[in-house]
Amino acid sequence: MIKDMEDMIKSAANEVFATMLNMSVTFEHPDIQMQDSQTHVAGAVGFTGKFNGVIYLYSNLEFARKMTCCLLGLTDDQIEGNEMINDVVGELTNMHAGHLKSRLSDRGQSCVITIPAVVSGRDFRIEPVSGAERYAVCVRANKNCVLLEMLVKPE
Amino acid sequence: MSIKILTVDDSRTIRLIVGRAFKTYDCEVMEAANGVEGLAVASREKPDVIILDVTMPVMDGTEMLSRLKSTADLKSIPVIMLTAEAGRENVLRIARMGVRDYLVKPFKEDQIVERVSRIVELKNRGGTTAKSKKRFDDPLKIVLADDKTAIWDQFKAGLSDTPWQIDGFAQAQSALENIGSHVPDLIFVSTSLPDGAGFWLFQKLRSSVKTEKLPIFALSVKTAVDDQARAQQVGFTGIVTKPIDFADLKMKITRVLGLDASYKYYEQKSGALVVNYPSNYTQSIANDMAAHLQEKVTEAVDAGLDKLVVDLTQLKSVDMPLIEQVLNVMKYAGELSLKSGVIGSDEVRQACTNFEETKEWLLAGSLDDIMKLM
């Protein structure tokens, strides 16, 4: 297990949310339940090299829309379809991944990150395959939250 | 003639952010989604600056850069690399590729403007240049629309160390009239003004040509999350919660107005570049300091200085993130052959000896002492 992985994820979230979305965040227990009746959006970016894993940023569609408005300076009715939301979620996931990659590289675990992928829909969940280590942090910005989840292939 | 800027990024989000950053300048921003498209646009348009992402499908930024550098009529175009990865290895790799500058995501719009303005002279559509930006200690006019006069007093007290003028208005209508006749630099609007008047004022200001681009912050009680969500949704520039953290507020104002606050952190003194870590040091301040590091170290080298002193005398303790930040400062200074030393109180110096990473540091209690050691 990587003992400070959750701290690294929190540091990434603090920086990305403050810089790009002007939102201060707090952290909660990650076992918060995303309601299945809502549409969700999940961004994913992979790591490969001396460190192998995937980071997911998991949000409900409502908050994903708010993040899109905030990041692009738009009002809700100016959002042009899901492509714009997916792109924002993918880019935010990419920024978290970049922050983590930098920390990992500085400690000798050099790796490359993939381009982001985004999945959206209802009633889906991300589960680790057996043997993968799971690190999760629930990030709360006001009454909204996103789940940041890192699945790591053990060394 | 307009400056031509080409942004090459597979993320439409980043392309939109770059486009928006230069909206107020006399620039033409062109877009491409990968290296192949980027090369085609660069060949056709001959941009003045290219802002190039590293990781992209089809052709990544590294390959596009090497092709640019091997093409006679494109190789002199300055390139700023955008990367999501701030690690030392990655930064050094980018520096070796022959780029003019680089910027790590996440970034603020004013950072990308500042980097581009180091390469080309950006002019506002009104004619003034981006480089003539205000300093933190220049006068500003701030309008505060809040029916609680105690908040006006708090603003005046909390910002009393600045020359900023705070004009308080209890009613949205009177604030609107004042703003119409004397456009301020910045506006704060309480979301708890009676009958939704704060949101009404915001919409009025956004629909006026004079004020459509002015930064407007929502002021809201910390627990009024519905008001904050609504403020976020309608597009306030940011939200400031009560009770107000004035250190954080100053940071927000500095960022949103692109004020130059670097003089607070960097100072040429006694033959060295002194990097001052303030007593209220936070991650936000760290980001601001890091944004000016290259520029200030380069200026110091240009001025003939060969020493850099990290001043931790205002701090009472150190932790690992701070140590990492100082290490980055020293590393960058080392790349330009500057010798580094650290000054701090007895407690801070003692704490510095507890980290493996700091064993090699030259430590002293004062600037004079460290200069003798160096």
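Predicted model only: the values in this text are computed from it and were never measured.

1. Comments concerning the overall build of chain B
Reasoning step 1: Scanning chain B from terminus to terminus reveals 14 helices and 15 strands.
Reasoning step 2: Computed over its C-alpha atoms, the radius of gyration of chain B comes to 23 Å, within 12% of the 21 Å expected for a compact globule of 374 residues.
Reasoning step 3: Considered along the principal axes of its C-alpha atoms, chain B spans approximately 60 × 60 × 35 Å.
Reasoning step 4: For chain B, buried positions account for 51% of its 374 residues.
Reasoning step 5: Long-range contacts, defined here as pairs at least 24 residues apart, represent 66% of the contacts in chain B between residues at least 6 apart.
Reasoning step 6: Approximately 16600 Å² of chain B is accessible, and the part contributed by carbon and sulfur atoms is 49%.
Reasoning step 7: Here chain B carries 47 positive and 52 negative side-chain charges, and the mean point of each set is 3 Å from the other.

2. Quick word on the domain arrangement of chain B
Residue and element names in this part refer to chain B.
Reasoning step 1: When cut into domains, chain B gives domain 1 (3-117), domain 2 (141-257) and domain 3 (262-373).
Reasoning step 2: For domain 2 and domain 3, the distance between their C-alpha centres works out to 36 Å.
Reasoning step 3: Listed as interface residues are 4 residues of domain 2 and, on the opposing side, 6 residues of domain 3.
Reasoning step 4: Taken together, the residues of the side of domain 2 that touches domain 3 break down into 2 nonpolar, 1 polar and 1 charged.

3. Focus on the pairing of strand 3 (residues 53-60) of chain A
Residue and element names in this part refer to chain A.
Reasoning step 1: For strand 3, a buried count of 7 out of 8 residues is recorded, marking the element as mostly surrounded by other parts of the structure.
Reasoning step 2: When strand 2 (residues 39-49) meets strand 3, the two strands line up antiparallel, connected through 8 bridges. What sits directly across from Phe47, in strand 3, is Gly53.
Reasoning step 3: Connecting strand 2 to the next strand, strand 3, in antiparallel fashion are 3 residues.
Reasoning step 4: With 7 bridges joining them, strand 3 and strand 7 (residues 144-152) adopt antiparallel strand pairing. Residue pairing in the sheet places Gly53 in a bridge with Val152 of strand 7.

What counts and what doesn't
- Residues numbered from 1 in each chain as written.
- Chains lettered and ligands numbered in written order.
- Predicted model: local features only at pLDDT ≥ 70, side-chain atom pairs only at ≥ 80, totals over all residues.
- Heavy atoms only, no water.
- Helix = DSSP H or I, 4+ residues; strand = E, 2+ residues; numbered from the N terminus.
- Rg over C-alpha atoms; globule rule 2.2 N^0.38 Å.
- Buried < 20%, exposed > 50% of the residue type's maximum accessible area, 1.4 Å probe, protein only.
- Contact = heavy atoms within 4.5 Å.
- Areas by Shrake-Rupley, 256 points an atom, 1.4 Å probe, with all protein chains shown as cover.
- Lys, Arg positive; Asp, Glu negative; His and termini not counted.
- Charge placed at Lys NZ, Arg CZ, Asp CG, Glu CD.
- Domains from an automatic or database assignment.
- Nonpolar A, V, L, I, M, F, W, Y, C, P; charged D, E, K, R; others polar.
- Pairing = 2+ DSSP bridges.

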